[in-house]
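Here is what each chain is made of, one letter per residue.
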Amino acid sequence: MDLVLLGAPGAGKGTQASLLGEVFPLPRVSSGDLFRAALANQTELGRKAKVYMDRGELVPDEVTIAMVAERIAEPDCAQGVIFDGFPRTVAQAQALDDLLARQGRRVDLVLYMRVATPVLLERLAGRWTCPQCGRVYHRVYSPEQVQGVCDDCHVALYQRADDTAETQSRRIAVYLEQTAPLQDYYRAKGLLAEVDGEQTIEAVHRALVEAVRAVSAGGAA
Ligand code: AMP
């Protein structure tokens, strides 16, 4: 089963993708994490991506599509994937359709988490991440037990460079311009399930699981 998580930066895609992965045994493929890993490994791809990431803009489609294509060709992705942060443009969505079609697969469901812009800004401002497991904390809404330390890995949390004030509004504007059109793209295909992303993490999770189960029960998977 191939699932896409759609939503603005701060909508909770990463958090919900990890939780979904505990219910449905599918690998989470996060294009943002792939870029950050490339950056940490000082690869050419990482250097290329950094310029865009620092500005809160999208990395060009060719680069992003090639990176994701390589990742989903790996054996652990053979039974399906939870896509987090990809696709982000209509061209990427079309490329994903082609990539999956070559393996007799297709996007089974797109989970769109709707969150109003002022809430996104508040969430992004308080967001801290574990460099090891990727778990995301929020200073107000979901704080770690010991301040600054991951509950699971016990390593120091960091604030993403692109979670700073200057890039936040840009990232949201870029989302509205380039990624929000994907709502219509997938709605037209009858694949969009819309969830109120302003509920608690647990309530959003339950709604997403229900939506996925409805699709699997319908035999679409
Ligand atoms: P994320 O962790 O998903 O918020 O992504 C962080 C940054 O990585 C974004 O602001 C973009 O610069 C870049 N990025 C991640 N995914 C994509 C994508 N699908 N297309 C283009 N750029 C992306």
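Now for a look at the structure at hand.

Rules behind the numbers
Residues numbered from 1 in each chain as written. Predicted model: local features only at pLDDT ≥ 70, side-chain atom pairs only at ≥ 80, totals over all residues. Heavy atoms only, no water. Phe/Tyr/Trp six-rings, centres within 6.5 Å; stacked < 30°, edge-to-face > 60°. Buried < 20%, exposed > 50% of the residue type's maximum accessible area, 1.4 Å probe, protein only. Near = heavy atom within 4 Å. Polar contact = N/O pair within 3.5 Å; in protein donor to acceptor, adjacent residues only side chain to side chain. Areas by Shrake-Rupley, 256 points an atom, 1.4 Å probe, with all protein chains shown as cover. Helix = DSSP H or I, 4+ residues; strand = E, 2+ residues; numbered from the N terminus. Axes fitted to C-alpha atoms, helices over the stretch in contact; angles between N-to-C directions. Parallel < 35°, antiparallel > 145°, perpendicular 65-115°, else oblique. Left-handed = near helix turned anticlockwise from the far one by under 90°. Contact = heavy atoms within 4.5 Å. Nonpolar A, V, L, I, M, F, W, Y, C, P; charged D, E, K, R; others polar. Pairing = 2+ DSSP bridges. Arc of directions from axis to C-beta.

Focus: the packing of aromatic side chains
Thought 1: Here the structure, examined in full by the defined rule, presents 2 aromatic pairs.
Thought 2: Ring geometry for Phe-83 and Phe-86: centres 6.3 Å apart, planes at 45 degrees, overall tilted. Each member of the pair Phe-83 and Phe-86 is classed as buried.
Thought 3: Their ring planes at 85 degrees and their centres at 5.1 Å tell us that Tyr-185 and Tyr-186 sit as a pair that is edge-to-face.
Thought 4: A relative accessible area of 17% places Tyr-185 in the buried class.

Brief notes about the site of the ligand
Thought 1: Around the ligand, the surrounding shell holds 16 residues, and the nearest of these are Ser-31, Arg-36, Glu-57, Gln-92 and Arg-171.
Thought 2: In this structure, an oxygen atom belonging to the ligand sits 2.6 Å away from a main-chain N or O atom of Glu-57.
Thought 3: A distance of 2.9 Å is found between an oxygen atom of the ligand and a side-chain nitrogen or oxygen belonging to Arg-171.
Thought 4: Within the complex, 96% of the 480 Å² of free accessible area of the ligand lies under protein.
Thought 5: If one sorts the elements of the shell around the ligand by residue count, helix α2 (residues 31-40) sits on top with 4 residues.

Considering unusual backbone geometry
Thought 1: For the bond from Phe-86 to Pro-87, the omega torsion is 0 degrees, close enough to zero to count as cis.
Thought 2: Counting through the fold element by element, Pro-87 comes out in the loop between β3 (82-84) and α5 (90-101).
Thought 3: The backbone of Gln-42 sits at a positive phi, close to 55 degrees, despite the residue not being glycine.
Thought 4: Relative to the elements of secondary structure, Gln-42 occurs in the loop between α2 and α3 (44-55).
Thought 5: Overall, Gln-42 belongs to the exposed group, its relative accessible area being 65%.
Thought 6: Despite not being glycine, His-154 has its phi angle at roughly 60 degrees, a positive value.
Thought 7: Following the sequence through the fold, His-154 ends up in the loop between β6 (136-138) and α7 (165-179).
Thought 8: On the basis of relative accessibility, which here comes to 60%, the residue His-154 falls in the exposed class.

A word on the packing of helix α4 (residues 61-72) against α5
Thought 1: For the pair α4 and α5, the least separation of the axes is 10 Å and the interaxial angle reads 30 degrees. Here α4 is positioned roughly parallel relative to α5, judged by the angle of their axes. For the pair α4 and α5, the crossing hand works out as right-handed. Facing Asp-61, Thr-64, Ile-65, Ala-69 and Ile-72 of α4, the residues of α5 in contact are Ala-91, Gln-92, Ala-95, Leu-96 and Leu-99.
Thought 2: Here the residues of the contact of α4 with α5 are counted per class, giving 7 nonpolar, 2 polar and 1 charged.

Section: the sheet that holds strand β2 (residues 28-30)
Thought 1: One open sheet holds the 5 strands; their spatial order is β2-β3-β1-β4-β7, and the pairing between them is parallel. The strands lining the two open edges of the sheet, one partner per strand, are β2 and β7 (192-196). Each neighbouring strand pair of the sheet contributes to a mean axis angle of 20 degrees, computed without reference to strand direction.
Thought 2: Relative to β3, β2 runs parallel, the two sharing 3 bridges. The residue of β3 that forms the bridge with Ser-30 is Asp-84.

Here's the deal with α2
Thought 1: If you check which residues of α2 are buried, you get Ser-31, Gly-32, Phe-35 and Ala-38. The buried residues of α2 all sit within an arc of 125 degrees when viewed along its axis, so they share a single face.
Thought 2: Buried positions along α2 lie against β2, α3, α4 and β3.
Thought 3: A positive backbone phi angle near 55 degrees is found at Gln-42, which sits one or two residues after α2.

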